[in-house]
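Survey of secondary and tertiary structure
Chain residues, written in single-letter form:
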Amino acid sequence: MADRTFKNLIEYGVFRIVAGFLQALPRNWTLAIGAVLGNLSRYLLGKRRRTAQANLMAAFPEMTPAELDRTVRGIFRHMGLIGSEMLILDRLGKRDRLEDLLTVLGREHLQAAMDEGRGALILTAHVGFWEIGPVLFPYLGVPTDFISKPMKNTYVNNYFRVQREAGGTRLLPAKHGARRIIKSLAEGRAVGVLLDQHIAPHVAVRVPFFGRPAWTSPIVAQMAMKLQVPVVPAFCWRTSDNRYEVEFQTPIHFANDPDPAAIVANTALLTQKIEEAVRRDLTQWFWVHRRWRD
């Protein structure tokens, strides 16, 4: 235990030095460094690179070796950009004017869902700059909570928690997530859930994702059906000039159907929305994750 704590403190010390250095730089310099580190990580993280390659080859068997290589390069560069941007998240809307960086599409869809008075479930995924939520929703004036898995290093986790909750959003631990979601919705808040990661089979359903069965959490569909709460698909893509385009899509309403087949069908529909978002730019999804597992 003591060894783990000491290691966490060392990691946190290095992390704070790097974070402090990047925060002191202009945003374009920070992103440039992030892009370089992302490119470098493609060589250092061989296991992650091979996972991305395997996932892409399975999803796109027609992809040529040159296309595969170009896509994987883009994925790691994007990861570097995301990592560096996360470290200056608290600057967005302050030192870096959020209105200069954002184009928001479909804001009326989010407002329509909230006007129903039952809160809303925000369906999103590890697409583009997904970490913008804690800055974006306070900017839009929508009280929002996010389901979040804690990081292994508690000191780094606490650092990001402070950043993410600074604008008024709240992080809800994934453990006992259903109860926490119900409570937040009862308060009339939106709840953001990322639905694109592998989930243990005993708490998941299998639905198609890029033509392959993937174990997926049914929690969004279940909550939406049981509580009659609208689901708003929302994604944030990085543009070529390092700005962001956020899109809120038309709210989805599910019937309160107790049939387990309905839960699977609705979860499949939500997963399809995520696949459509990923297809917009393959380099902006987290292909290094083992999404498909037997």
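Below you will find a few notes about this structure. (Residues numbered from 1 in each chain as written. Predicted model: local features only at pLDDT ≥ 70, side-chain atom pairs only at ≥ 80, totals over all residues. Heavy atoms only, no water.)

Observations concerning the overall build of the protein
Per the secondary structure count, the protein includes 11 helices and 9 strands. Counting only C-alpha atoms, the protein reaches 50 × 45 × 45 Å along its principal axes. Within the protein, the proportion of its 294 residues that are buried is 50%. A fraction of 77% describes how many contacts in the protein between residues 6 or more apart in sequence connect residues 24 or more apart. Surface accessibility of the protein: about 14300 Å² in total, with carbon and sulfur atoms responsible for 58%. Looking at charge distribution, the protein has the averaged site of its 39 positive side-chain charges lying 7 Å from that of its 27 negative ones. (Helix = DSSP H or I, 4+ residues; strand = E, 2+ residues; numbered from the N terminus. Buried < 20%, exposed > 50% of the residue type's maximum accessible area, 1.4 Å probe, protein only. Contact = heavy atoms within 4.5 Å. Areas by Shrake-Rupley, 256 points an atom, 1.4 Å probe, with all protein chains shown as cover. Lys, Arg positive; Asp, Glu negative; His and termini not counted. Charge placed at Lys NZ, Arg CZ, Asp CG, Glu CD.)

Quick notes on the environment of T71
Residue position: T71 is located in helix α4 (residues 65-86). It is 7.1 Å that separates the C-alpha atoms of T71 and L282, two residues lying 211 residues apart in sequence. With sequence-adjacent residues up to four places away left out, T71 is seen in contact with L56, M63, L282 and T283. A polar atom in the side chain of T71 sits 2.8 Å from the backbone oxygen of E67. (Polar contact = N/O pair within 3.5 Å; in protein donor to acceptor, adjacent residues only side chain to side chain.)

Side note on the sheet that holds strand β8 (residues 231-238)
The strand order β1-β9-β8-β2-β5-β3-β4 describes an open sheet built from 7 strands, whose pairing is mixed. Each edge of the sheet is formed by a strand with only one pairing partner; in this case those strands are β1 (102-105) and β4 (170-173). Averaged over all pairs of adjacent strands, the angle between strand axes in this sheet comes to 25°, irrespective of strand direction. Note that strand β3 (residues 144-148) and β4 share 4 bridges and pair parallel. Directly across from S148, in β4, lies its bridge partner P173. Taken strand by strand, helix α9 (residues 177-186) contacts β2 (120-124), β3, β4 and β5 (190-194), and its axis lies near 145° from that of β4. (Pairing = 2+ DSSP bridges. Axes fitted to C-alpha atoms, helices over the stretch in contact; angles between N-to-C directions.)

A look at the pattern of salt bridges
Evaluation of the coordinates by the stated rule reveals 11 salt bridges. Across the pair R238 and E85 runs a salt bridge whose closest N-O atoms are separated by 3.8 Å. With R238 in strand β8 and E85 in helix α4, this residue pair connects regions lying 153 residues apart in the sequence. As far as the burial class goes, R238 and E85 line up, both buried. Among the ionic pairs, R161 bridges to E165, the shortest N-O distance being 2.8 Å. Within this pair, R161 and its partner E165 are both found in helix α8 (residues 154-165), separated by 4 residues, close to a single helical turn. A residue is classified by how much of its surface remains accessible, and E165, at 26% relative accessible area, is partly exposed. (Salt bridge = Lys/Arg side-chain N within 4 Å of Asp/Glu carboxyl O.)

Notes on a positive patch on the surface
On the surface, K47, R48, R50 and R290 cluster together to form a positively charged patch. Tracing the chain through its elements places R50 in helix α3 (residues 46-59). (Patch = residues over 30% accessible without salt bridge, like charges linked within 9 Å, V, L, I, M, F, W, Y side chains within 5 Å.)

Shape is all these values report; function is a separate question.
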